[in-house]
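Examination of the molecular architecture
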Amino acid sequence: MADTGARGIGTGGGEDIAGPAVIAYTTEDDRHRPVRQAAQAHAREHGCVVVLFAADAAGFMTEPMPNALDAEGAGDRFSDRLGLADLEYLGRSALGDQVNEGRAAGARVAAFLPKGHGMGALAEYVHSVGAHIVYLPGVLAPHDELSALLGVLETPPGVTRPEIEIRVVGPTGSTP
């Protein structure tokens, strides 16, 4: 097994990707550039980290991240924010290009590869990282579904959950 720790795999490679999160819905085919650009502008202004939620990363027969069946401990090496070395290791160069593009625009950018599909997977991730804003493409019809899901996720007793804003970018439509 390759020594992934020596290459910065799973550690963000020393990249500055910690801090308050802003989530930008994206796909590896680069259809949602305006969504990423809007999230990057917010992140630059407010000192946040844009996390690209790669909505098309989960396959129907495979998982986007190493799991227990892969090399021992490989699945434990990755966090909820992937840096460029992580994306390279996982074979996600198209997503790495989007991270590089955002960084060239002056934003701190990382990525996330969900195991699930749909608004439920997005809502769980947004809640788990404590994101305060989610940027969605206007053509993604079920943004009301995301609002509803964010409102019903469990919060531990005594913990106040901040309001999560959803910003829709671009014209609305019915096809993602």
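Quick word on the nonpolar core
Ranked by size, the top nonpolar core spans 24 residues in total, and within it Ile23, Phe53, Leu122, Val126, Val134 and Leu146 carry the most contacts. Of all the elements in the fold, those that place two or more residues in this core are strand E1 (21–26), strand E2 (49–54), strand E3 (108–112), helix H4 (118–129), strand E4 (133–137) and helix H5 (143–152). Looking at this core element by element, the count peaks at seven residues for H4. Beyond its immediate stretch of four places on either side in the chain, Leu146 contacts Met119, Leu122, Ala123, Val134, Leu136 and Ile166. Core analysis: the second largest hydrophobic core is formed by 22 residues, Val22, Ala24, Ala43 and Leu113 among them.

So, the packing of aromatic side chains
Applying the stated criterion to the full structure yields three aromatic pairs. The interplanar angle of 10° and the centroid separation of 3.9 Å between the aromatic rings of Phe112 and Tyr125 together place this pair among those described as stacked. Pair noted here: Phe112 is in strand E3 and Tyr125 is in helix H4, with a separation of 13 residues, a long-range link. Judged by its relative accessible area of 3%, Tyr125 is buried.

Digging into helix H1 (residues 33–46)
Compared with an ideal rise of 1.5 Å per residue, which puts 14 residues at 20 Å, H1 spans 20 Å between its outermost C-alpha atoms and is within 8% of the ideal. Of the positions making up H1, those classed as buried are Val35, Arg36, Ala39, Gln40, His42 and Ala43. The arc that holds the buried residues of H1, viewed along the axis, is 165°, so those residues lie on one side.

Focus on the confidence of the model for the chain
Averaged over the chain, the pLDDT score is 77; the fraction of residues at 70 or greater is 69%. Here residues 1–12 is a poorly scored stretch, pLDDT under 50, and it has 28 contacts once near neighbours within four places are set aside; other chains count.

Here's the deal with the pattern of salt bridges
The full count for this structure, using the stated rule, is nine salt bridges. The residue Asp30 makes a salt bridge to Arg36 at a minimum N-O spacing of 2.6 Å. For Asp30, a relative accessible area of 27% puts it in the partly exposed group. Of the charged contacts in the structure, one is a salt bridge between Arg33 and Glu101, with a shortest N-O distance of 3.2 Å. Residue Arg33 is found in helix H1, and its partner Glu101 is found in helix H3 (residues 93–104); the two are separated by 68 residues along the sequence.

A few points about the side chain of Gln40
Note on placement: Gln40 falls in helix H1. Look at Gln40 and you get buried, because its relative accessible area is 3%. Gln40 has contacts with Val50, Gly102, Ala105 and Ala107, leaving out every residue within four places of it along the chain.

Section: the sheet that holds E4
The parallel open sheet is built from five strands, whose spatial order is E3-E2-E1-E4-E5. Two strands lie at the open edges of the sheet, namely E3 and strand E5 (165–169), each paired on one side alone. Adjacent strand axes in the sheet meet at a mean angle of 25°, parallel and antiparallel pairs treated alike. Across the sheet, H3 touches E1, E2 and E3, and the angle it forms with E3 is around 160°. Strand contacts of H4: E1, E2, E3 and E4, with the helix running at about 160° to E1, the strand carrying the most contacts.

Conventions we followed
Residues numbered from 1 in each chain as written. Predicted model: local features only at pLDDT ≥ 70, side-chain atom pairs only at ≥ 80, totals over all residues. Heavy atoms only, no water. Core = buried A, V, L, I, M, F, W, Y, C linked by side-chain atoms within 4.5 Å. Buried < 20%, exposed > 50% of the residue type's maximum accessible area, 1.4 Å probe, protein only. Helix = DSSP H or I, 4+ residues; strand = E, 2+ residues; numbered from the N terminus. Contact = heavy atoms within 4.5 Å. Phe/Tyr/Trp six-rings, centres within 6.5 Å; stacked < 30°, edge-to-face > 60°. Expected span 1.5 Å × (residues − 1). Arc of directions from axis to C-beta. pLDDT = per-residue confidence, 0-100. Salt bridge = Lys/Arg side-chain N within 4 Å of Asp/Glu carboxyl O. Pairing = 2+ DSSP bridges. Axes fitted to C-alpha atoms, helices over the stretch in contact; angles between N-to-C directions.

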